[in-house]
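Chain residues, written in single-letter form:
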Amino acid sequence: MNDPESLPLACTKLLHEKTRQKLTFAQIAGHISHDEIWTAALFYGRAAPSLKDIQLLADLLNLSAETLEEDFRISGPPLRETTISHTTDPIVYPFQEALELYKPAIRSVVTEKLGDGAVSAPDMKIHVEKNSTAKGCDIKLVLESKYIQYHSW
């Protein structure tokens, strides 16, 4: 997960209010009409909000829209760099990049929904589907696996 000290100020404020108000990314996403993974990515500095998004977030989280907008502007564009060693394989590379980019968002949403645990790679099933569209062909990749809870003792 991102180090809170390395997050832009706007993101720190958003995460603080989300936690203080006991909201989930799904609840916030519903309020701003975005997907919960995109919403979590925004909270971790990996996506850029529109002015409408900022206003809706400010209203929901009782923050100043003007200050929040300024905080996002000062922080600059979203952090979208990746730190993993990439393959040059044109099929595999986009998936590595997406997982690295959205890693903090995916981790946060999974933890919110399922609690503290781990995804089991040996139990993972992967399905690939072809979706024909007016623009050509899209791919849908589904990863399905067992989620194992961590326990206290």
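Residues numbered from 1 in each chain as written. Predicted model: local features only at pLDDT ≥ 70, side-chain atom pairs only at ≥ 80, totals over all residues. Heavy atoms only, no water.

### Remarks on the packing of aromatic side chains
Two aromatic rings, taken as a pair, are described by how far apart their centres are and by the angle between their planes. What the rule picks out here adds up to two aromatic pairs. The interplanar angle of 90° and the centroid separation of 5.3 Å between the aromatic rings of Phe25 and Phe43 together place this pair among those described as edge-to-face. On the criterion of sequence distance, the pair formed by Phe25 in helix H2 (residues 25-32) and Phe43 in helix H3 (residues 36-43) is long-range, its members being 18 residues apart. Per residue, the accessibility class of Phe25 equals that of Phe43, and both read buried. Seen from their ring centres, Phe25 and Tyr44 are 6.4 Å apart, and the 50° between their planes marks the pair as tilted. Taken together, the residues Phe25 in helix H2 and Tyr44 in the loop between H3 and helix H4 (51-61) connect sequence positions 19 residues apart. A residue is classified by how much of its surface remains accessible, and Tyr44, at 9% relative accessible area, is buried. Taken together through their ring pairs, the aromatic side chains of Phe25, Phe43 and Tyr44 make up a single cluster. (Phe/Tyr/Trp six-rings, centres within 6.5 Å; stacked < 30°, edge-to-face > 60°. Helix = DSSP H or I, 4+ residues; strand = E, 2+ residues; numbered from the N terminus. Buried < 20%, exposed > 50% of the residue type's maximum accessible area, 1.4 Å probe, protein only.)

### Some points on the pattern of salt bridges
Counted by the stated rule, this structure contains seven salt bridges. With its nearest N and O atoms 2.8 Å apart, the salt bridge here joins Lys113 to Glu36. A residue pair is termed long-range when its members are at least 10 positions apart, and Lys113 in helix H6 (residues 93-114) and Glu36 in helix H3 qualify at 77 residues. By relative accessible area, Lys113 is classed as exposed at 54%. Taking relative accessible area as the criterion, Glu36 reaches 18% and is therefore assigned buried. (Salt bridge = Lys/Arg side-chain N within 4 Å of Asp/Glu carboxyl O.)

### Regarding H2
Listing the buried residues of H2 in full gives Phe25, Ile28, Ala29 and Ile32. End-on, the buried residues of H2 take up no more than an arc of 100°, which puts them together on one face. (Arc of directions from axis to C-beta.)

### Quick notes on the packing of helix H1 (residues 9-20) against helix H5 (residues 65-75)
Contact pair H1 / H5: the axes reach a minimum separation of 7 Å and the direction vectors enclose 135°. It follows from the interaxial angle that H1 and H5 lie oblique. Where H1 abuts H5, its residues Leu9, Ala10, Cys11, Lys13 and Leu14 lie against Thr67, Leu68, Asp71 and Phe72. (Axes fitted to C-alpha atoms, helices over the stretch in contact; angles between N-to-C directions. Parallel < 35°, antiparallel > 145°, perpendicular 65-115°, else oblique. Contact = heavy atoms within 4.5 Å.)

### Thoughts on the environment of Lys103
Looking at the element boundaries, Lys103 is found in helix H6. Residue Lys103 is classed as partly exposed on the basis of its relative accessible area, which comes to 42%. As a C-alpha pair, Lys103 and Ser33 span 70 residues in sequence and 21 Å in three-dimensional space. Polar contacts involving the side chain of Lys103 include one to the side chain of Glu100, which spans 3.4 Å. (Polar contact = N/O pair within 3.5 Å; in protein donor to acceptor, adjacent residues only side chain to side chain.)

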